[in-house]
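Reading the structure
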Amino acid sequence: MLANTLTLNDGHEIPRLGLGVWQARDDEAAKAVTHALSCGYRHIDTAAIYGNEAEVGRGLRDSDVPRDQIFVTSKVWNDRIRAGETAEAIDESLKLLGIEQLDLMLLHWPTEGRNIAWQALIEARKAGLVRSIGVSNFLPEHLDELVGETGVVPALNQIEHHPWLNQADIKLACKRHGIAVEAWSPLMQGRFAESPVIGEIAAATGRTEAQVVLRWALQQDIIVIPKSVTPSRIEENAQLFDFELDAQQVASIDAIGHEERLGPDPATFDF
Ligand code: NAD
């Protein structure tokens, strides 16, 4: 049976399931956070650029779940990385969220200035402002360069990952460095019906398509942060630890072969 948490390379535990809140606005974000916590989520993924850290903070405070049982991630946006203002960005995120320490802070994209920003994250960790530090959208060459220049290995790399984008090369690089992989857009932004094999496996297992694609990622030791603000979907997306896909089902999803990126390509994204 798969444990609910995974141990990062710095010894801290991260829940394998988190709630994503990109594009969740105002009250919607606060309510989604509180509801997710009430149905078992213990991990929330936000970012400065989402503009909802204050609402996420409100959702945390409105919940009965104690702060020390919740894993909160935020991300430093590119303008701050480029300007060398990572320390300021961390302070702002902490203030907006209304918390004293982030469980995980990520560099959102591998933009110019990333290695200097990484030093600032290392300092923030020493100062106790963040517990774990990581990156997002880093390609193998960015990881190699960061580790080579600073000697400090990120705990995690958050990347676009779903059945249409298998990211074999990045997963291999992360494994080589001992970096955990976290999937963004793990639900293919809701477009799983376009690959009928997912529906067939859902019918065979008595699970929903969303649960099947999330479980497929979990079985590769990938952390998932599905987004929803709909209470019933938030609940559905958390029912992942009481069933298993067999090797044939995993292989059928691996073999979908439809290659499609849903977000920007880190190699060409105009930061
Ligand atoms: P996702 O793959 O999680 O899809 C979310 C969408 O799928 C929802 O808006 C809804 O339309 C649909 N959906 C959700 N649950 C469903 C269900 N049970 N049945 C049917 N449809 C359902 O997409 P996402 O929001 O792009 O990614 C998840 C999270 O990843 C984000 O909220 C954010 O926290 C993070 N993210 C990070 C980056 C990055 O650059 N680091 C980029 C994008 C997203």
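This is a predicted model, so every value here is computed, not measured.

**Observations concerning the sheet that holds strand β4 (residues 43-45)**
Spatially, eight strands are ordered β3-β4-β5-β6-β7-β8-β9-β10 in an open sheet, and the strand pairing comes out parallel. In the strand order of this sheet, the two ends are held by β3 (19-20) and β10 (223-224), each with one partner. Here β3 pairs with β4 via two bridges, running parallel. Within the sheet, the bridge partner assigned to Gly20 lies in β4 and is Asp45.

**Remarks on the pairing of strand β7 (residues 130-136)**
Counting buried positions over the seven residues of β7 gives six, a clear majority of the element. With five bridges joining them, strand β6 (residues 102-107) and β7 adopt parallel strand pairing. Bridged to Leu106 within β7 is Gly134. The β-α-β motif built from β6, the intervening helix α5 (residues 114-126) and the parallel element β7 has right-handed crossover chirality. One ladder, built from two bridges, connects β7 with strand β8 (residues 156-160); its direction is parallel. Bridging across to β8, Val135 finds its partner in Asn157. One crossover worth recording links β7 to the parallel β8 by way of helix α6 (residues 140-150), and it is right-handed.

**Overview of the environment of Gly134**
Checked against the element boundaries, Gly134 lands in strand β7. Note on Gly134: relative accessible area 0%, which makes it buried. Sequence spacing of Gly134 and Ala180 is 46 residues, and the spatial spacing of their C-alpha atoms is 9.2 Å. Among all residues touching Gly134, those that are not within four sequence positions of it are Leu104, Met105, Leu106, Leu107, Trp118, Leu121, Pro154, Ala155 and Leu156.

**Considering the side chain of Arg80**
By secondary structure assignment, the location of Arg80 is in helix α3 (residues 78-83). When its relative accessible area of 17% is taken as the criterion, Arg80 is described as buried. If sequence neighbours within four positions are ignored, Arg80 has contacts with Glu85, Thr86, Glu88, Ala89 and Glu92.

**Some thoughts on helix α2 (residues 53-62)**
Regarding α2, the residues found buried are Glu53, Glu55, Val56, Gly57, Gly59 and Leu60. Looking at the buried side of α2, the elements it contacts are α1 (26-38), β4, β5 (71-76) and α4 (86-97).

**As for the packing of α4 against α5**
With their axes 9 Å apart at the nearest point, α4 and α5 run at an angle of 50° to one another. Taken together, the axes of α4 and α5 lie oblique to each other. Touching Thr86, Ala87 and Ile90 of α4 are Ala117, Ala120, Leu121 and Ala124, all from α5. Its residues assigned to classes, the contact of α4 with α5 shows six nonpolar, one polar and no charged.

**Side note on the side chain of His177**
Looking at the secondary structure, you find His177 in helix α7 (residues 168-177). Of note is the side chain of His177, whose polar atom sits 2.8 Å from the side chain of Asp144. Residues contacting His177, with those up to four places away along its chain left out, are Leu143, Asp144, Val147 and Val153.

**Description of the packing of aromatic side chains**
The geometry of an aromatic ring pair is captured by the separation of the ring centres together with the interplanar angle, meaning the angle of the planes. A complete count under the given rule lists one aromatic pair for this structure. Ring geometry for Trp109 against Phe269: centres 4.6 Å apart, planes inclined by 45°, an arrangement best described as tilted. Here Trp109, found in the loop between β6 and α5, pairs with Phe269, found in the segment after α11 (247-254); they are 160 residues apart in sequence, far enough to count as distant. The lysine or arginine in question, Arg215, covers the ring of Phe243, its NZ or CZ lying 5.8 Å from the ring centre.

**Overview of the pattern of salt bridges**
Enumeration according to the criterion identifies 15 salt bridges in this entry. Notably, a salt bridge pairs Asp221 with Arg16, separated by 2.7 Å at the nearest N-O pair. Residue Asp221 is found in the loop between α9 (209-218) and β10, and its partner Arg16 is found in the loop between β2 (13-15) and β3; the two are separated by 205 residues along the sequence. Here Arg261 makes a salt bridge to Asp265, at a shortest N to O gap of 3.8 Å. Residue class for Asp265 comes out partly exposed when judged on its relative accessible area of 25%. Residues joined in a network through salt bridges with shared partners are Asp27, Lys31 and Arg58.

Conventions used here
- Residues numbered from 1 in each chain as written.
- Predicted model: local features only at pLDDT ≥ 70, side-chain atom pairs only at ≥ 80, totals over all residues.
- Heavy atoms only, no water.
- Pairing = 2+ DSSP bridges.
- Helix = DSSP H or I, 4+ residues; strand = E, 2+ residues; numbered from the N terminus.
- Buried < 20%, exposed > 50% of the residue type's maximum accessible area, 1.4 Å probe, protein only.
- Right-handed = clockwise from strand over helix to strand, strands pointing away.
- Contact = heavy atoms within 4.5 Å.
- Axes fitted to C-alpha atoms, helices over the stretch in contact; angles between N-to-C directions.
- Parallel < 35°, antiparallel > 145°, perpendicular 65-115°, else oblique.
- Nonpolar A, V, L, I, M, F, W, Y, C, P; charged D, E, K, R; others polar.
- Polar contact = N/O pair within 3.5 Å; in protein donor to acceptor, adjacent residues only side chain to side chain.
- Phe/Tyr/Trp six-rings, centres within 6.5 Å; stacked < 30°, edge-to-face > 60°.
- Lys NZ or Arg CZ within 6 Å of the ring centre and 35° of its normal.
- Salt bridge = Lys/Arg side-chain N within 4 Å of Asp/Glu carboxyl O.

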